[in-house]
Amino acid sequence: MKFNTKTIHGGQEHDPTTGSVMPPIYQTSTYAQSSPGKHKGYEYSRTANPTRTALEKGLASIENGTYGLAFGSGLAAIDCVLKLLKPGDEVISTNDLYGGSYRIFAKVFENYGIKFHFVGMADVSKWKALINEKTKLLWVETPTNPMMNIIDIEKVSEIAKQHELLLAVDNTFATPYLQRPLDLGADIVMHSATKYLGGHSDVVMGALVVNSKELADKLYFLQNACGAICGPMDSFLVLRGLKTLHVRMQRHCENGAAIANFLKNHSKIDKVYWPGFEDHPNHEVAKAQMDNFGGMVSFVTKSDKMSDAFKIVENLKVFTLAESLGGVESLCGHPASMTHASIPKEQREKTGVVDALIRLSVGIEDVEDLIADLDTALKLI
Ligand SMILES: Cc1ncc(COP(=O)(O)O)c(C=O)c1O
């Protein structure tokens, strides 16, 4: 099956009891057994639930993977990956990444004896020297949140293979519509399914997809042993979201390109971060590993003032000022005080997350309305 067909049918079957086209929301915690250990494949809903199974199969299918796992949040999915490690192990991670990912690495797992190196991974020569016998995991987010840096997944995966390291890619911004990390050599794909996969700002969920049975078994063990699963209703909602992923993403990309170009040509704007620009430092890598450039755009005004950034986000009317991204509705955010507030100021400013930066999650409304909204707010500074 090709991608658009897979978003609808991948890993799915009609419900065997009624033929229902969508899997029912199996709102149950447990399953009848005819004799101890004799059951129809389900024992307890932390371990597995048919609605979650349908979603997990769908997720695996669209990422060109074999095994899917769904969690109660993106961070719960990251937590599961980190629990593959032991005290003394080291991780090399993108330095420009979602603030919550930084927080769980630096503020939670550092306390359990795991060491994290945060580096700009777009330039391989900058971080290769950090690999030593304790290194176990490479953590890549691409495009990065919120600076839209692009990391060459295939190149990183070659290095991971040479040194027998696991490579995990946070594919939240791109989604499998634009980029399939497992095909590029990654071992684990991670998602905040809260974002584009769910697509309607109504669920918090995380996901992992892998190809290796050995790795999948370890992750399923941790998913069940630690218990950070998602419920059947949320599984149903994200499965429904997947079925329109391709049409939503197409419009996100079209609108994202129009907004990025509008901002780039605006007299009050200094920098626009969007991987579709030919002068983006890793545009060629983006072109090679992504099928389009997505709907996330960040920018800084020429005044470079936080007060102007606040004025803009407070006065946008169609864009809602809110945490999160990837829903059908356009959102704007101020990373320094919102999504990336947990990263120390000096560290975030080194990666470009300055106080004047604004991040847009461009939705699928009429783009003329979005441009008019931005134009009106920019007139106020
Ligand atoms: C790139 C990225 N990864 C991970 C997460 C964490 O996911 P969740 O909020 O679903 O726990 C987010 C949330 O914003 C994100 O943007």
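As the structure is a computational prediction, the values presented were derived from the model and not from experiment. (Residues numbered from 1 in each chain as written. Predicted model: local features only at pLDDT ≥ 70, side-chain atom pairs only at ≥ 80, totals over all residues. Heavy atoms only, no water.)

**Focus on the site of the ligand**
Formally: Any residue with a heavy atom positioned within 4 Å of a molecule or strand is treated as near that molecule or strand. Polar contacts here mean pairs of N or O atoms no more than 3.5 Å apart (in protein, one a potential hydrogen donor and the other a potential acceptor; neighbouring residues in sequence count only if both atoms are side-chain atoms). Residue burial considers only the protein chains on display, and all accessible areas are found by Shrake-Rupley using a 1.4 Å probe.
Near the ligand you find 14 residues, and of these Gly-74, Asp-170, Ser-192, Thr-194 and Lys-195 are the closest. Gly-74 places a polar main-chain atom, nitrogen or oxygen, 2.9 Å from an oxygen atom of the ligand. Within the side chain of Thr-194, a nitrogen or oxygen atom sits 2.6 Å from an oxygen atom of the ligand. Relative to its unbound accessible area of 390 Å², the ligand is 92% covered by the protein chains.

**With respect to the layout of surface pockets**
Basically, it comes down to this: Cavity: a set of points on a 1 Å grid over the protein atoms alone where a 1.4 Å probe fits but cannot get out. Pocket: an open set with protein on both sides within 12 Å along at least five of seven lines, its lining residues, like those of a cavity, having an atom within 4 Å of a point. Grid points are joined across faces, edges and corners, and a volume is the space filled by probe spheres set on the points.
What the largest pocket holds in volume is close to 510 Å³. Lining the largest pocket are 19 residues, and of these Asp-15, Pro-16, Tyr-26, Tyr-42 and Pro-50 lie nearest its centre.

**Here's the deal with the packing of helix α2 (residues 50–62) against helix α8 (residues 232–242)**
Packed helix pairs are characterised by how far apart their axes lie and by the angle those axes make with each other. This is how the line gets drawn: Every axis corresponds to a line fitted to the C-alpha atoms, with the helix fit spanning only the stretch in contact, and the corresponding angles, defined between N-to-C directions, vary from 0 to 180 degrees. Each helix corresponds to a stretch of at least 4 residues labelled H or I by DSSP, and each strand to a stretch of at least 2 residues labelled E; elements are numbered beginning at the N terminus. Crossings are assigned a handedness: left-handed for a near helix turned anticlockwise from the far helix by less than a right angle, right-handed for a clockwise turn. In what follows, a contact means two residues having at least one pair of non-hydrogen atoms within 4.5 Å. The residue classification treats Ala, Val, Leu, Ile, Met, Phe, Trp, Tyr, Cys and Pro as nonpolar and Asp, Glu, Lys and Arg as charged. All others, Gly included, are polar.
At their nearest, the axes of α2 and α8 sit 8 Å apart, and the two run at 30 degrees to each other. Regarding α2 and α8, the two cross each other, and that crossing is left-handed. Touching Thr-51, Arg-52, Ala-54, Leu-55, Gly-58, Leu-59 and Ile-62 of α2 are Pro-232, Ser-235, Phe-236, Val-238, Leu-239 and Leu-242, all from α8. Across the contact of α2 with α8, the residue classes break down as nine nonpolar, three polar and one charged.

**Observations regarding helix α3 (residues 74–82)**
Helical periodicity: at 3.6 residues per turn, an α-helix aligns residues three or four positions apart in one direction. Quick reminder of the rule: Relative accessibility decides the category of a residue: with a 1.4 Å probe and only protein chains considered, values under 20% of the type maximum give buried, values over 50% give exposed, and everything between is partly exposed.
The buried fraction of α3 amounts to eight of the nine residues, a majority that puts the element mostly inside the structure. Listed as buried for α3 are Gly-74, Ala-76, Ala-77, Ile-78, Asp-79, Cys-80, Val-81 and Leu-82. By the N-cap criterion, in which a side-chain oxygen at the helix start approaches the backbone nitrogen of a residue two or three places on, α3 is capped by Ser-73, the distance to Leu-75 being 3.3 Å.

**Structural notes on the packing of aromatic side chains**
Quick note on the threshold: Working definition: rings of Phe, Tyr and Trp (its six-membered ring) pair if their centres are within 6.5 Å, and the pair is stacked with planes under 30 degrees apart, edge-to-face with planes over 60 apart, and tilted otherwise. For a Lys NZ or an Arg CZ to count as sitting over a ring, it must be within 6 Å of the ring centre and within 35 degrees of the ring normal.
Applying the stated rule across the entire model yields 10 aromatic pairs. An angle of 75 degrees between the planes, with centres 5.1 Å apart, marks the rings of Trp-274 and Phe-277 as edge-to-face. In this structure an aromatic cluster arises from ring pairing among Tyr-102, Phe-105, Phe-116, Phe-118 and Trp-139. For the cation-ring pair, Lys-195 lies above Tyr-98, with the distance from its terminal atom to the ring centre recorded as 5.9 Å. One Lys or Arg, Lys-264, reaches over the ring of Phe-277 and ends 4.0 Å from the middle of that ring.

**Observations regarding the environment of Thr-7**
By the secondary structure assignment, Thr-7 is in helix α1 (residues 3–9). Relative accessible area serves as the criterion here: at 4%, Thr-7 is assigned to the buried category. In this structure the C-alpha to C-alpha distance between Thr-7 and Leu-245, which are 238 residues apart in sequence, comes to 6.9 Å. With near-sequence residues (within four places) excluded, Thr-7 lies in contact with Ile-62, Leu-242, Lys-243, Leu-245 and His-246. One polar contact links the side chain of Thr-7 to the main-chain carbonyl oxygen of Asn-4, over a distance of 2.8 Å.

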